Amino acid sequence: MRSRQQQIALVTGSSSGIGYEASLRLAQNGIYTYASMRNLSKSGEILGYAKRDNLPLKTLRLDITDEESISGAIDKIIAEKNRIDIIVNNAGYSLLGPLEQLDIDEIKDEFETNFFGIIRLIQSALPIMRKQGYGRIINISSLAGRIGFPLSSAYVSSKFALEGLVESLRYEVQPFGIHVTLIEPGVIKTNFVNNMKIGRNVITSSNNNSNNGISPYVEILQKRISAFKPRFEKGLAASKVADMVLEAVTADNPKVRYLVGEDALKMMEKRKNSTDEEITRLVMNSVLGGESS
Ligand SMILES: NC(=O)c1ccc[n+]([C@@H]2O[C@H](COP(=O)([O-])OP(=O)(O)OC[C@H]3O[C@@H](n4cnc5c(N)ncnc54)[C@H](OP(=O)(O)O)[C@@H]3O)[C@@H](O)[C@H]2O)c1
C-alpha cells in the first residue's frame, strides 16, 4: 500500500454533509483529496477550511448524472496526479412519496444519481485502479439499503441496488487489489432533508386534491413528512461517517459493510433476530411514532 501522502482520493457530493466531512477527513490524514461537487459555487467553505489548515484538498466539478462530467473529472485527476487510489461514492438524495403517485421519470432520476452514476464512476476508475493493482471504492449506502421504510420505495430500492452491486463486484476486483465497501449510516444531520424531493404528483394535503380525489396516502405521508425534520435534527454528526470512511480507507482488509450510528446498529441487531412482522412494527414505530400495520 502507498503511504497516505502518496494516495489520491476523489469524493462525490462534497458541497455539504457527509461528502464535505469525508473530503476534509481524508485530507486531514494526508491523502490528496479531490472534493468534487456539481456546482462549484458551493466550494468556498471547504476551500477556506483547507487553506486555513493547509490541507491537500482541491475542488473539482463533477455531476454524477453526466457522463462527460465524470470523464472530464477523471481525465483531470490523471493528468495532474496520474493515479486514483480512493473513490468515495457519496452524492445522493431521497425521493419521497407513495409509489403509486411517483412518476417513473422521477424514479429513473433517483436511480441515475444514487445508482447508475456510481456505476459510471466505478467503470471509469476500474481500468486505472486495476493497472495500479490498488484501489478502495467506498460507497455511502444507508440503513435504508438493508431495511425498507414507508413512502421511500424509490430511495430504498436505489440503496438496495447499490448493496447488491457491491456484494457482487467485490469478487471481481479483489484479485486486482481493489476493495469495494459499503458504509451504512443511520440518521445523520446534514442537508439531506432539505434536499429531499417529494414526487411532483404526490398529494401531500387533503386540500390540493381537486383533480385526483382524496388521496388514501395523505395521512401517512403527513406523518412521515412531519417526523423527518425532528428526527434528522437529532441525527448523528456527519463527521462520524467521515471517521468510518477513513477507517475503511486505511484498514488492511476493509470489511464489506460498516454501520454508523447507534440507531443503525440497534436496528440491524434487531433485524437479525426478528420476524418480518416484528420489523414492520419497529419501523412504523420509529419513523411514524407509534402507528403499526
Ligand atoms: N443524512 C442521512 O441521514 C443519511 C443516512 C444514510 C445515508 N445517507 C447518504 O449519504 C449521502 C450524502 O447525503 P447527505 O446526508 O450528506 O446529504 P446532503 O447534505 O444533501 O448531501 C448530498 C450531496 O450530494 C450532492 N449531489 C446530489 N446530486 C448530485 C449529482 N447529480 N452530482 C453530484 N453531486 C450530487 C449534493 O450536491 P448539491 O449541493 O449540488 O445538491 C450534496 O453535495 C447520500 O448518498 C445519502 O443517501 C444519508
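Residues numbered from 1 in each chain as written. Predicted model: local features only at pLDDT ≥ 70, side-chain atom pairs only at ≥ 80, totals over all residues. Heavy atoms only, no water.

## Quick word on the sheet that holds strand S1 (residues 8-11)
(1) Moving on: On the basis of which strands lie adjacent, the open sheet formed by 7 strands has the order S3-S2-S1-S4-S6-S7-S11 and parallel pairing. The outermost strands of the open sheet, each flanked by one partner alone, are strand S3 (57-61) and strand S11 (257-260). On average, adjacent strands in this sheet sit at an angle of 20° to one another, irrespective of strand direction.
(2) Moving on: Inspection of the sheet shows strand S7 (residues 178-185) paired to S11 by 4 bridges, in the parallel sense. Residue pairing in the sheet places Glu-184 in a bridge with Leu-259 of S11.
(3) Moving on: Helix H2 (residues 44-52) contacts strand S2 (32-37) and S3 of the sheet and is inclined by roughly 160° relative to S3.
(4) Moving on: This element, helix H3 (residues 67-81), spans S1, S2 and S3 of the sheet and lies at about 145° to S3. (Pairing = 2+ DSSP bridges. Helix = DSSP H or I, 4+ residues; strand = E, 2+ residues; numbered from the N terminus. Axes fitted to C-alpha atoms, helices over the stretch in contact; angles between N-to-C directions. Contact = heavy atoms within 4.5 Å.)

## Some points on the pattern of salt bridges
(1) Moving on: Taken as a whole and judged by the stated rule, the model has 16 salt bridges.
(2) Moving on: Between Lys-76 and Glu-80 there is a salt bridge, with its nearest N and O atoms 3.5 Å apart. Linking Lys-76 with Glu-80, this pair stays in helix H3, spanning 4 residues, or about one helical turn.
(3) Moving on: What emerges from the salt-bridge pattern is a single network uniting Arg-146, Glu-163, Glu-167, Glu-184 and Arg-257. (Salt bridge = Lys/Arg side-chain N within 4 Å of Asp/Glu carboxyl O.)

## A closer look at the packing of aromatic side chains
(1) Moving on: A complete count under the given rule lists 7 aromatic pairs for this structure.
(2) Moving on: Ring centres of Phe-111 and Phe-116 lie 6.5 Å apart, and the angle between their planes is 45°; this geometry places the pair in the tilted category.
(3) Moving on: For Phe-111, a relative accessible area of 16% corresponds to the buried category.
(4) Moving on: A relative accessible area of 37% places Phe-116 in the partly exposed class.
(5) Moving on: For Arg-52, the ring lying beneath its charged end belongs to Tyr-49, and the centroid distance is 4.8 Å.
(6) Moving on: For the cation-ring pair, Lys-197 lies above Tyr-93, with the distance from its terminal atom to the ring centre recorded as 4.4 Å. (Phe/Tyr/Trp six-rings, centres within 6.5 Å; stacked < 30°, edge-to-face > 60°. Buried < 20%, exposed > 50% of the residue type's maximum accessible area, 1.4 Å probe, protein only. Lys NZ or Arg CZ within 6 Å of the ring centre and 35° of its normal.)

## Thoughts on the site of the ligand
(1) Moving on: What surrounds the ligand is a group of 29 residues, the closest being Ser-15, Ser-16, Tyr-155, Thr-190 and Asn-195.
(2) Moving on: One nitrogen or oxygen atom from the main chain of Ile-64 is found 3.0 Å from a nitrogen atom belonging to the ligand.
(3) Moving on: The contact in question runs from an oxygen atom of the ligand to an N or O atom on the side chain of Asn-195, over 2.7 Å.
(4) Moving on: Contact with the protein chains covers 96% of the free accessible surface of the ligand, which is 890 Å².
(5) Moving on: Elements with a contribution of two residues or more to the shell around the ligand: helix H1 (17-28), helix H5 (153-173) and helix H6 (192-195). (Near = heavy atom within 4 Å. Polar contact = N/O pair within 3.5 Å; in protein donor to acceptor, adjacent residues only side chain to side chain. Areas by Shrake-Rupley, 256 points an atom, 1.4 Å probe, with all protein chains shown as cover.)

## Overview of the packing of H3 against helix H4 (residues 104-132)
(1) Moving on: Contact geometry for H3 and H4: axes closest at 10 Å, N-to-C directions at 30°. Taken as axis vectors, H3 and H4 run roughly parallel relative to one another. In the packing of H3 onto H4, the handedness of the crossing is right-handed. Two secondary-structure elements touch here, H3 through Glu-67, Ile-70, Ile-74 and Ile-78 and H4 through Gly-117, Arg-120, Leu-121, Ser-124 and Ile-128.
(2) Moving on: Residues that form the contact of H3 with H4 fall into these classes: 5 nonpolar, 2 polar and 2 charged. (Parallel < 35°, antiparallel > 145°, perpendicular 65-115°, else oblique. Left-handed = near helix turned anticlockwise from the far one by under 90°. Nonpolar A, V, L, I, M, F, W, Y, C, P; charged D, E, K, R; others polar.)

Shape is all these values report; function is a separate question.
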